[in-house]
Every structure is written in structure tokens, then in C-alpha cells.
Amino acid sequence: MTTNDSVVQPLVPDAALVPQIVIEPQKGWASLDLRDLWHYRELLLLLTWRDIKVRYAQTVLGATWAVLQPLLTMLVFSVIFGRFANLPSDGVPYPVFTFTALLPWQLFAFSLTNASNSLINSDKLISKVYFPRLIIPIASALPGLVDFAVSFFVLIAMLGYYQIPFTTRWLMLPFFLLLAVLSALAVGLWLSALNVEYRDIRYVVPFLTLFWQYATPVAYSASLIPEKWRLLYGLNPMTGVVDGFRWALLGIGQLNSLLWVSMAVIVLLFLSGLAYFKRMEATFADVI
Amino acid sequence: MSNIAIHVQGVGKQYRIGGQQTGYRTFRESLTGLIKSSAGWIQGKKSKTETFWALDDVSFEVKQGEAIGIIGRNGAGKSTLLKILSRITKPTKGRVELYGRVASLLEVGTGFHPELTGRDNIYLNGAILGMSRVEINRKFDEIVEFSGVERFLDTPVKHYSSGMYVRLAFAVAAHLEPEILVVDEVLAVGDAEFQKKCLGKMEDVAHGGRTVLFVSHNMSAIGHLCQNAVWIDQGRLQMQDTSNRVISAYLLSGTTTEGQVQWANGLSQPGVTEFKFTSIRIVDETGISTSTLDIGKPFWIEISYTINETLPYCRVGINVYSDTGEVVFEAYDSDDVRHSGQREPGDYVSRCKLPGNFFNAKRYFVSVHAGIPNVKYLAGAEYALAVDIENIGDLSQMLGLKREGIVFPKLVWEVIRNETE
């Protein structure tokens, strides 16, 4: 044996009578088991860190990609929608108007896409070792925050360039950021679990994010939507998030019932996604 | 140490088989499946979805500090049992109680990422196997030393040779310190020297008071490491006894000394319809089916099978085991490139010639397998045939020149007398 501490600690007699782990068939809906999740928190961090490290490992430009993507999209949008189509941008220069929305949007789209494919990309792990499966979609969604942080510096520079003042509304940013991540996770939980059973999801996700972007006020202003359709529009959770970002950073628009609708949808999607995921979890290893 | 570590009560696991071969589906398949089954319903036919019990009512106990071996043929349910004990999948019925922290090793290097360095992978793999950061820090040097890859610690593992990769992976796994360790055939990797090192480590673990559950096809490893063994056959517990008794009963079961086996309805894995074995036999030089052969004479193993669908690639082969269950060799018809292409539907015979003056005068066991490597296991019969090699003709051997060893090859020797100048 290697060291002294590798000798098994004798179990306390009382403790020995109570099994530490009981394995039984899953009946109906599974409980969340937060204690188990907490026990594996280090794995969550390591998997997140792995994804971040691996993603830029063999790219020439490295983290520059995180900036280039929204920056180039902003340029294209500014030329097409800002200049040619002359879409209104609520009195704010169009480039910064769309860039403010592109950041949370790309965070959402990236996290959603990664989370959706996360389980089937981890098929080896799932079929060979136990840990709470929830870790996988969460760990693959989180690296989006790194890209977000990098691009955020560019946004601050742009705000300075356009002389948009810094207000206390910034304090609300973490909240909207949380909403963006939660929305991505909510949809990601649903899609990742569905993806295990139906591989079509892999092909659906790119279309979904493409259409979803046009259903979200990224390139245009939510104020273009007629008043009577607003609440319906709010059913898209990203509407509330993007509007929130513009409200906090650019000082345009107002927080209204639309945000409440978006928040309610996020919570509903998240809880149902969690429940569906936990229900399907037991069979992942059998079908993946 | 008489406390119970693992208590398995009436555990069963049911799988669905039928129309779909792979686990996952596409919407299209679900839709066509729905249409087909409703069409069948209209015509009064029953749905084709069948179920089978990969494990059925298995119960046993393992005491703390005991090393127990699990043996059984391919598809007997060993892997399913391991997956349930490792909490990878849930049983359909029954209950398992585990008294202590469990770590399972169903594969070495699970979660290794080729882009990451050896150092990074130690932490990642350790965490995946359930070690905490503190624990890994504490054992880091030991792990590195065991693996012997110090110099390449900061090199991405994609640049490692496969031997280094396996050594590092096993080194991490070997330093797990759970109260209960569940191990699947991970020892079937690496070179012989490293395998020995691994077995030594396993022995330490097994004799160090830990509870070990060990699945292997290597009967000699099981006999060596485990006092007791459990034999699972067709999802059911066949026998639980000391490992020597279980191994000898296992090797003799299902084996025929008739020199041939026929499967009237064909033999294939559950859910496989495109392939089935129909028979295997041992044929001597004169074309007669037999199981007793002369040590100096070559013989043939003939495997007959039917293919029902065009297979883009498949291979049929044999494993030959010694009487203690050690693998002497494995060989496939696709080893010969002429036979490595597509196979159309039809009845086939794959036969191979085994040379004379190669086996020792012992009993050997032959398993047959068919599959598409890395894709699908089609059919298999473990230890289906026994072959008795005897000294019939060779006078020098009859005079009592028995030889040690699994094989007794007749080598070409040259004796040269150096001319002194």
C-alpha cells in the first residue's frame, strides 16, 4: 500500500447499519438531490475550466474570437439595419444599440447550443462513470460567460466613445445576466435531455437560435412591436433580458410588465426543464 | 471485518429490444414506428417492441474487506450489474445497499481530454472518479511516479504514446481510495509489464482491507485476486462460492467435448437479426469432427453462420483459452485482408487452420465471436468448445517429456559450432 492514510477508516458501528448509498428503481419524478450536486461542485468547476481551456487551445486568435464574433455581427447589422434599412434605435447610436443586445444574445445562443449538445458529446462519461448528470449541461453553458466578459470590455469602450453616462442602473446588470444564463440553461436542459432520445435536436438547434434571434429585439427595437402584441412578445424570455440590458446600460425604454412575463416564462421553463431532465436522467446511460 | 459492504437484493434490469437497434431514435423513426404500430394494430398484430431482462432477480452479499470476482459470458449481465452498482443506470426492480464510499473503474482514462496536459488530466480525471482537489494534491507526486511520465507532465496527452496514456490513466485510478472499489476489465490494457504492475496494485487494494468487486475474463487474475466469486449466466446468479470452485464450474459449463456445437435456431445477441451463428466444429486432417487431437497434427476450426442483411464490415473470430482461463490468443478472419470487406446475405463458413506442434498437451477452450469492431457485437459463444490435445504419435513426448507452458511450439533450432581460428 502506498501511504498510511490509505488504510480504510473503520466505519462507526452505528453508521455501518445504515447504508450510505441505496440504489433503487426510479419511480416517477426524481428529487433534485442538492447534496449530491454540492458534493460534485469541484467537478463542475473543472469541467467548465476544461471547456474554456480546450476551446481556445488550438485557435490562432484565441480569446479574440470572443470579441470578433459580436463585433463583426454588429458591423453587419449597423450597415444593413442601421444604415440601409434605417431602423429606429430609440435615440441611441445604432452600433451601440445593437451591440448592447448582441452581448446577452450571444451568451444565450452560445450557452444554449453548448448545453443542448453537451450530453451526447459526453456519452463516454455518462456510460462509464457516475456523477450528477446536471453538471454536464451546466458546465458547458458557463464558459459563455468568459466570452461575455471579454466582449463587455469592448462595450464599455463603446459606451465611452458615444459618451453614454454611467448610472446606478448598472447595478441591475448582474440580475439581467443571471436571467440570460437561466434562460439558456432552461432551454438547454430541455434540449439536452431530448437530444439523448432524439438526435434530431442536434440539427434543430442552429435553426432554433437563428429564428429566435429574429424574434428577439437584437437588431431592432422592441418599441416597433404594436402595443397589443407586447405581452405575447414577452413570452420570449430573451425579450425581457435584452430590454433589461438596454435599460440598464443605455438608459432607454422602461421596465414594465413585459419583464414580468419574461421572468415568469424563464422560471417556468427552468423548473420544467429541471424536472424533465431529472426524470430522463435515469435512462441516459441506457440509450445514449 | 464481518460487516456487510454490498447488499444486492433481487435486482433486475429490463431493456427494450425490437425494431430499433440503437438506443436513441430520430423523430422520423418515432413517427414511422408510430405509423407501423398503428397499422399493425388495425391488422390486429401486436407491437414488435420486446423486452428482455439483462439481469433477473440477482441477490448476493459482499463482506467488508472481501475481494469478489464476477464472471460470466459476454452478454450474461455482468456489465449491467456493474453499471447498477456504479449508479450509472438504475435497476428496474430490487434494491442495492452500499455501505461506504464507492468508486468505479469501468474504463481507464474516462474524461481524459487530448488537448489538455498530463497534469490537467490528472486533476480532471481524479475529479471525475470522485476525488477531491485536496486528495489529488496529496497524491499527485505518487500518481506521477507510478505513471512514469514525469517528463511529459506539461505536454498535451494527444502527443502521448498509447502506452503512456494508459499508464497515466491507470495511475490516477489506482490511487482512488474508496471503501468499495468496482473494477471492470481495465487490466486488459497496456503492455505486459504494466499489466503486472496494475495487478500488483489491485492486489494491494484487495488485501488492504478494501472491498473490491472485480469483473474480468481473465480467470487467472480472478483466481489470484479474489477469494470468492459470483457467476452470472443469462442475467441470473448461477453460483456464489470460492473463486476456484466457481471458475472450474464456469469453464466446464456450456462447453462441449463433442467437438461441435449446433444452434438449431441460430445464436446471436439479443436484438441482433442480421447475423447468427449456426454451428462451430473442430475438424481433423481427415475431415472428421473431433475434440481430441494429436499434438503434432494440424486441425481446423469451422464457424458456420448466416448473414441476413448486407454488412459493410464484419469479422468472425475465435479466442482460445488455456485450462486456467488465460487467453492464449484471439484471431479473426478479417486479419486476412482478403476477407475484410463487405459481406452479402447468405450462409457462410469461416475456417481457420491451427498448426500442429503448437499447442501443449492440455485442454483448451474455444470461444467464437462476431461483430463490427467499435460498432456492434453481433454474436458470441464463450468457451463453446473444449479441445483436448494429446500426445498420440510423438514417441519422444510419450516418453515423458512433458513441457511447462501454455503452448508447446516446435521451433526451428540451429546449432552452430563456431570454428576456432
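Everything in this summary refers to the structure shown in the same document. (Residues numbered from 1 in each chain as written. Chains lettered and ligands numbered in written order. Predicted model: local features only at pLDDT ≥ 70, side-chain atom pairs only at ≥ 80, totals over all residues. Heavy atoms only, no water.)

### A closer look at the overall build of chain A
Condition: A run of H or I in DSSP counts as a helix once it spans at least four residues, and a run of E counts as a strand once it spans at least two, with each numbered from the N terminus. When checking whether two residues touch, look at their non-hydrogen atoms; a contact exists if any pair is within 4.5 Å. Note on areas: Shrake-Rupley, 1.4 Å probe, and residue coverage restricted to the protein chains presented here. Working convention for charge: Lys and Arg count positive, Asp and Glu count negative, and His plus the chain ends are omitted. A charged residue contributes its charge at one atom only: NZ of Lys, CZ of Arg, CG of Asp or CD of Glu.
Looking only at helices and strands, chain A features 13 helices and one strand. Across chain A, helices and strands are ordered from the amino to the carboxyl terminus as α-β-α-α-α-α-α-α-α-α-α-α-α-α. In terms of overall dimensions, chain A has C-alpha extents of about 75 × 45 × 40 Å along its principal axes. Across chain A, every contact between residues at least 6 apart in sequence was considered, and the portion connecting residues at least 24 apart equals 81%. A total of about 14,000 Å² of accessible surface is found on chain A, and carbon and sulfur atoms cover 68% of it. Seen as two clouds, the 18 positive and the 16 negative side-chain charges of chain A have centres 7 Å apart.

### Section: the nonpolar core
Soluble globular proteins: nonpolar side chains tend toward being buried together. Counted only if it meets this: We define a nonpolar core as any set of buried Ala, Val, Leu, Ile, Met, Phe, Trp, Tyr and Cys residues linked to one another through side-chain atoms lying within 4.5 Å. Residue exposure (1.4 Å probe, protein chains only): buried if accessible area is under 20% of the type maximum, exposed if over 50%, otherwise partly exposed. An automatic or database domain assignment supplies the residue ranges for each domain.
If you look at the biggest cluster of nonpolar residues, it comprises 107 residues, and the most contacted ones within it are B:Ile6, B:Ile122, B:Leu213 and B:Phe214. Considering every element that reaches this core, the biggest residue donor is helix α5 (residues 162–174) of chain B, with eight residues. Structurally, this core is a two-domain feature, drawing no fewer than three residues from each of domain 1 (4–9 + 59–247) and domain 2 (260–398) of chain B. Here B:Ile6 is in contact with B:Phe60, B:Glu61, B:Val62, B:Leu85, B:Glu97, B:Leu98, B:Ile180, B:Thr211 and B:Leu213, once residues within four sequence places are set aside. Grouped together as the second largest cluster of nonpolar side chains are 47 residues, A:Phe77, A:Trp105, A:Ala109 and A:Ile252 included.

### Some details on empty space enclosed by the protein
Leftover empty space is mapped by rolling, across the atoms, a probe with the size of a water molecule. All names here are of chain B. The cut-off we apply is this: Cavity means a closed set of points on a 1 Å grid over the protein atoms alone, one where a 1.4 Å probe fits but cannot get out, pocket means an open set with protein on both sides within 12 Å along at least 5 of 7 lines, and lining means a residue has an atom within 4 Å of a point. Grid points are joined across faces, edges and corners, and a volume is the space filled by probe spheres set on the points.
Taken as a whole and assessed by the stated rule, the structure comprises three cavities of 30 Å³ or more. Taken as a whole, the largest cavity holds about 60 Å³ of empty space. Lining the largest cavity are Leu105, Phe170, Ala173, Ala174, Leu176, Leu181, Lys201, Met202 and Val205. When contributions to the lining of the largest cavity are tallied by element, the ones reaching two or more residues are α5 and α6 (192–207).

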